[in-house]
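Single-letter residue listing:
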Amino acid sequence: MQSIKVFIRWRPLSTAESAAPEIDRTQQCHPSNKKASLAVTPPPSHKLARPWKSDSAFTRIFDASDTNKAVFDAVVGPTLPRVLNGGSCNFFAYGHSGSGKSHTIIGYDFEHSDEFGLCLSAARALYEHLNEINNGLEEKGGFMLGLCMYELRKNVAFDLLNDRCKCHIREGSDGKTHIRGETETLEDGKVRVRPIATKAGRTFDEFHAELLGGIQRRATGTSTVHDQSSRTHAVFEIEILTEELLEARDAVVERQSELVPVAKRATDIYLEENTKAFILTPEGKYAPNPDYQINQRVIDEAEAKKAEFESYVQKAEDHVSDIMKSSPHACLGGKLVFVDLAGSEYYHDKSTPSTPRPKQSPQEQQEGRQINTDLLSLKEVIRARAQGQTRIPFRSSPLTMVLREHFLARDGDDSVSAMILTASPSSQQFTATIDTLKYGNLIGVAGDKATGRK
């Protein structure tokens, strides 16, 4: 069973919100489980809304005065030993547009370290540890950080480190989800499908530059809620790598590209021979063709060639596994995943009927339905894992499909997950904030029940 920690982060009032009162909220710490509950009272303008009180489901509640550094030290910092031991940790920022998700995950001040987002702060801390580990190791054997960045819109991913290349989300025969770019046709009939790009940085400055470049390629748009709303989920993967591991993974892609035309030829020969071997009778049925005998030798030769190239792919994959097993330090493959979820502002506010919401465009309505589907699926996956269910609904949405690998860490070891609820204190955003808190409360309670807490 897996428990997930849930945090709340209140942001300051914006200039435009300063005239409206803040949401009346009171928090209480429960000594039995050292978790916090939150009581919220609706403002007078929300006549139909009722007071709401959470369970003791929140690990910590951050005030508006808490910096990104304070959030990092409490949420991400304690998980770094696990990552340095080869483990995997996931962090989600959830809330409506404008509540502070991107500020928390990415940050907007890239010069002052106290305001780095969680992703950049984590990279800086990991480089400090890796510099110590690398002492005495050969340059090529030294550890560094690799970065993958992509955003999800509906069932398509866009590679932010490869000119926003359009990628497709597919489940392979191995049961894993793969994100692949467009098919490239190479010389000699080779067909290559590149995975999401990984950019490696030997130093923090190199990593920093790659991250900033990817952020600039992220799509934003104007919605009825926020003028710079992220209409996509952004995923940032930080992995501890070596040059040898990167080269070995590239070799797997090359061997796969060599296999494709050989496997296709084997399939074509088999179909051609079997097509010639049968004829369509006047009754509309297929029967053996008395004038043609299947050339089994040709089929067997093609299949043997296919098996040969399959063995090359397997050998390349085995080499990747050998590198992981023979690493001089357990940190190789350790991974941090940060997810800046799309805004969850598509709710129905019936508490203030006299204040109609701006009408959404058809595109916003379509995006909203997909976002709601993704967020509901994520909640169900987290709850199912926390309760130890045998069937986890990863296939419910593209978002949960691509996160499957990160939830199911290697060697059967569960990953560690945390969710940061970003909340606006403005009474103008009361309904959206309550929806955010309720979502996090359900996840926190599910985790506590699974681990026996009350």
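In this text the structure is predicted, and so the values were computed from the model without any measurement. Sequence order sets the numbering: in each chain, residues are counted from 1 along the sequence as written. Only residues with pLDDT of 70 or above have their local features reported here, since the model is predicted, and side-chain atom pairs are shown and tallied only from 80 upward, although totals for entire chains, interfaces and linings are computed over all residues. Excluded from the side-chain calculations are hydrogens and water; all other atoms, namely the structure's heavy atoms, are used.

## Quick notes on the overall build of the chain
In step 1: Per the convention used, a helix needs a DSSP run of H or I reaching at least four residues, while a strand needs a run of E reaching at least two, with both numbered from the N terminus. The helix and strand tally for the chain stands at 10 helices and 17 strands.
In step 2: In what follows, a contact means two residues having at least one pair of non-hydrogen atoms within 4.5 Å. Excluding contacts between residues fewer than 6 apart, the proportion of contacts in the chain whose partners are at least 24 apart in sequence is 70%.
In step 3: Note on areas: Shrake-Rupley, 1.4 Å probe, and residue coverage restricted to the protein chains presented here. As presented, the chain carries roughly 22500 Å² of accessible surface, and 50% of it is formed by carbon and sulfur atoms.

## Remarks on the sheet that holds strand β4 (residues 52–53)
Whenever strands of a sheet pair, they do so through backbone hydrogen bonds, lying parallel or antiparallel.
In step 1: If DSSP finds at least two bridges between two strands, the strands pair. Pairing is antiparallel across the open sheet formed by 3 strands, whose spatial order is β2-β3-β4. The two strands at the open ends of the sheet, each matched to only one other strand, are β2 (24–30) and β4.

## Overview of the packing of aromatic side chains
Think of a pair of aromatic rings as described by two things: how far the centres are apart, and how the planes are tilted against each other in angle.
In step 1: We call Phe, Tyr and Trp rings a pair once their centres come within 6.5 Å, taking the six-membered ring for Trp, and we label the pair stacked below 30 degrees between planes, edge-to-face above 60, and tilted otherwise. Summed over all chains, the structure comprises 9 aromatic pairs.
In step 2: Centre to centre, the rings of Y94 and Y439 are 3.9 Å apart; their planes meet at 10°, and the pair counts as stacked. Residue Y94 is found in strand β6 (residues 88–94), and its partner Y439 is found in helix α10 (residues 430–450); the two are separated by 345 residues along the sequence.
In step 3: Three exposure classes are used, based on accessible area relative to the maximum for each residue type with a 1.4 Å probe and protein chains only: buried under 20%, partly exposed in between, and exposed over 50%. On the basis of relative accessible area, Y94 is assigned to the buried category, the value being 6%.

## Details of the UniProt feature "binding site: ATP" (unreviewed entry) in the chain
In step 1: UniProt positions are given in the numbering used here, feature names are shortened, and annotations may be inferred rather than shown by experiment. According to UniProt, the feature "binding site: ATP" (unreviewed entry) maps to G95, H96, S97, G98, S99, G100, K101 and S102 in the numbering used here.
In step 2: Residue placement: G100 occurs in the loop between β6 and α3 (101–105).
In step 3: Discounting chain neighbours no more than four positions away, the residues touching K101 are A93, Y94, G95, H96, D340, L341, A342, G343 and T422.

## Some words on the pattern of salt bridges
In step 1: Any Lys or Arg side-chain nitrogen found within 4 Å of a carboxyl oxygen on Asp or Glu counts as a salt bridge. Following the criterion strictly, the structure yields 17 salt bridges and no others.
In step 2: The salt bridge partner of E22 is R25, with a shortest N-O separation of 3.3 Å.
In step 3: Exposure remark for R25: the relative accessible area of 26% places this residue in the partly exposed category.
In step 4: Of the charged contacts, one joins K264 and D268 as a salt bridge, the two residues approaching to 2.9 Å between their closest N and O atoms. A residue pair is termed a helical-turn pair when its members lie 3 or 4 positions apart in one helix, as K264 and D268 do in helix α6 (residues 243–276) at 4 residues.
In step 5: In this structure D268 comes out as partly exposed when scored by relative accessible area, which is 35%.
In step 6: Salt bridges linked by common partners bring E151, R164, R218 and D340 together as one network.

## Quick word on a negative patch on the surface
In step 1: Residues enter patches when they are more than 30% accessible in relative terms and free of salt bridges; like-charged ones are connected within 9 Å and nonpolar ones (Val, Leu, Ile, Met, Phe, Trp, Tyr) within 5 Å. All tallies of charge rest on Lys and Arg as positive and Asp and Glu as negative; His and the ends of each chain are not included. Taken as the charge centre is NZ of Lys, CZ of Arg, CG of Asp or CD of Glu, depending on the residue. A surface patch of negative charge is lined by D174, E317, D318 and D322.
In step 2: D174 sits in the partly exposed class, given a relative accessible area of 46%.

## Here's the deal with the packing of helix α4 (residues 118–134) against helix α5 (residues 204–216)
In step 1: Only the stretch in contact is used when a helix axis is fitted, and all axes are lines through C-alpha atoms; the angle between N-to-C directions ranges over 0 to 180 degrees. The contact between α4 and α5 brings their axes to 10 Å, and the two run at 160°. Considered as vectors, α4 and α5 are oriented roughly antiparallel to each other. Remark: the crossing between α4 and α5 carries right-handed chirality. Residue-level contacts link C119, L120, A123, R124 and Y127 of α4 to F204, F207, H208 and L211 of α5.
In step 2: Of the residues that constitute the contact of α4 with α5, the class distribution is 7 nonpolar, 1 polar and 1 charged. Here roughly perpendicular refers to angles of 65 to 115 degrees, roughly parallel to angles under 35, roughly antiparallel to angles over 145, and oblique to all remaining angles. Handedness of a crossing follows from how the near helix is turned relative to the far one, being left-handed for an anticlockwise turn of less than a right angle and right-handed for a clockwise one. By the convention adopted, Pro, Cys, Tyr, Trp, Phe, Met, Ile, Leu, Val and Ala count as nonpolar, Lys, Arg, Asp and Glu as charged, and the other residues, Gly among them, as polar.

## Section: the confidence of the model for the chain
It should be kept in mind that the predicted coordinates are not to be read in detail where pLDDT is low.
In step 1: Per residue, pLDDT captures the predictor's confidence, and it can take any value from 0 to 100. Looking at the chain, the pLDDT average stands at 85 and 89% of residues meet or exceed 70.
In step 2: Element-level pLDDT for the chain is lowest in strand β11 (residues 191–195), with a mean of 80, against a maximum mean of 96 in helix α7 (residues 296–325).
In step 3: Below a pLDDT of 50 lies the segment residues 222–229, which in the model reaches 22 contacts outside its immediate sequence neighbourhood of four places, other chains included.
In step 4: In this model residues 347–355 is a low-confidence stretch, pLDDT under 50, and it forms 16 contacts with partners more than four residues away in sequence or in other chains.

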